[in-house]
Amino acid sequence: MESSVRTITSFLNDASSHTTDVLTIWGMAGIGKTHLADYIFKSHYLEFESSCFLEDIERRCTSQKRLLKLQKQLLKDIQVTSWMGIDNVKEATSEIENSLFRKRSFLVLDGINDSEQLDALIGTKGLHPGSKIIVTSKNGSLKKM
């Protein structure tokens, strides 16, 4: 685990503040992806303007209503303005995109199943330069993001 921590810390400390990076940690269940991501998050979240760790997305995101609940948790963590009036996934995605574009953010999205979940949680418009996202997944096709 020590070499993985060094590699990911290097990823987070990359001096390039003009890029946004996504790192995918993927593999079968039970190999320690969540534990590694949690350790990294707790070690580095204060280095960013906003941060959020969403755990067990695969299990918690089984319907649009549950997805909206996760989006609201993300919004609560990354922005100061009100998020309570949001009542649909599309509106929440738009608000997340706007928030992530304005602040250098660090997100850990644990247990992403597919690209649709990822798009709903971070959008597709882009992020503030210097932002970092760590995704954990059992889905090897997400490693190509």
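Per chain, residues are indexed from 1 in the order of the written sequence. In view of the model being predicted, local features appear only for residues whose pLDDT reaches at least 70, and side-chain atom pairs are presented and counted only at 80 or more, with totals across whole chains, interfaces and linings using the full set of residues. Here the side-chain values reflect all heavy atoms present in the structure, with hydrogen atoms and water set aside.

A. Region of interest: the packing of aromatic side chains. In this scheme Phe, Tyr and Trp rings, the latter by its six-membered ring, pair at centre separations within 6.5 Å, and the angle between planes marks the pair as stacked below 30 degrees, edge-to-face above 60, and tilted otherwise. If you walk through the whole model with that rule in mind, you get 4 aromatic pairs. Note on phenylalanine 41 and phenylalanine 53: the rings are 5.6 Å apart at their centroids and 65° apart in plane angle, and the pair reads as edge-to-face. With phenylalanine 41 in helix H2 (residues 33-44) and phenylalanine 53 in strand E2 (residues 50-54), this residue pair connects regions lying 12 residues apart in the sequence. The helix count covers DSSP runs of H or I at least four residues long, the strand count covers runs of E at least two residues long, and both are numbered beginning at the N terminus.

B. Representation of the environment of lysine 90 in the model. On the secondary structure map, lysine 90 appears in helix H5 (residues 89-102). The spatial distance from the C-alpha of lysine 90 to the C-alpha of alanine 120 is 7.7 Å, given a sequence separation of 30 residues.

C. Highlighting the sheet that holds strand E4 (residues 132-137). Here, any two strands with at least 2 DSSP bridges between them count as paired. Ordered by their spatial adjacency, 4 strands build an open sheet running E1-E4-E3-E2, and the pairing between neighbours is parallel. Every other strand in the sheet has two partners, leaving strand E1 (21-26) and E2 as the edge strands with one partner each. On average, each strand axis in the sheet is inclined to that of its neighbour by 10°, with strand direction left out of account. In this structure, strand E3 (residues 105-110) lies alongside E4, joined through 5 bridges in parallel fashion. Paired with aspartate 110 across the strands is threonine 136, a residue of E4. Every axis in this analysis is a line fitted to C-alpha atoms, fitted for helices over the stretch in contact. Angles between the N-to-C directions lie between 0 and 180 degrees.

D. Inspection of the packing of helix H1 (residues 2-12) against H2 at higher detail. Relative orientation of the contacting elements H1 and H2 amounts to 45°, with a least axis distance of 11 Å. When the interaxial angle is binned, H1 and H2 end up oblique. Crossing geometry of H1 relative to H2 is assigned as right-handed. Along the contact surface, H1 presents Ser4, Val5, Ile8, Thr9 and Leu12, while H2 presents Leu36, Tyr39, Ile40 and His44. Looking at the contact of H1 with H2 residue by residue, the class counts come to 6 nonpolar, 3 polar and no charged. The labels follow the angle: roughly parallel below 35 degrees, roughly antiparallel above 145, roughly perpendicular from 65 to 115, and oblique for the rest. What makes a crossing left-handed is the near helix being turned counterclockwise from the far one by less than a right angle; a clockwise turn instead makes it right-handed. Here, residues are in contact when the closest pair of their heavy atoms is within 4.5 Å. Under the scheme applied, nonpolar residues are Ala, Val, Leu, Ile, Met, Phe, Trp, Tyr, Cys and Pro; charged residues are Asp, Glu, Lys and Arg; polar residues are all the others, including Gly.

E. The arrangement of the nonpolar core in detail. By nonpolar core is meant a set of buried Ala, Val, Leu, Ile, Met, Phe, Trp, Tyr and Cys residues that side-chain atoms within 4.5 Å join together. Type-normalised accessible area, obtained with a 1.4 Å probe on protein chains alone, sets the label of each residue: buried when under 20%, exposed when over 50%, and partly exposed for intermediate values. Counting residues in hydrophobic clusters, the biggest one holds 25 residues, and the most contacted among them are Leu54, Ile57, Leu107, Leu109 and Leu121. Breaking this core down by element, the ones donating at least two residues are E2, helix H4 (64-78), H5, E3, helix H6 (115-122) and E4. With 6 residues, H4 is the single largest residue contributor to this core. Beyond its immediate stretch of four places on either side in the chain, leucine 107 contacts Cys52, Leu74, Ile78, Leu100, Ile122, Lys132, Ile133 and Ile134. By size, the runner-up hydrophobic cluster in this structure holds 14 residues, among which are Ile8, Ala37, Ile40 and Ile134.

F. Fine view of the state of the cysteines. By definition, disulfides here are pairs of cysteine sulfur atoms that lie within 2.5 Å. Applying the stated criterion to the full structure yields 0 disulfides. No disulfide involves cysteine 52; its sulfur sits 13 Å from the nearest other cysteine sulfur, which is in cysteine 61. Owing to a relative accessible area of 13%, cysteine 61 belongs among the buried residues under this scheme.

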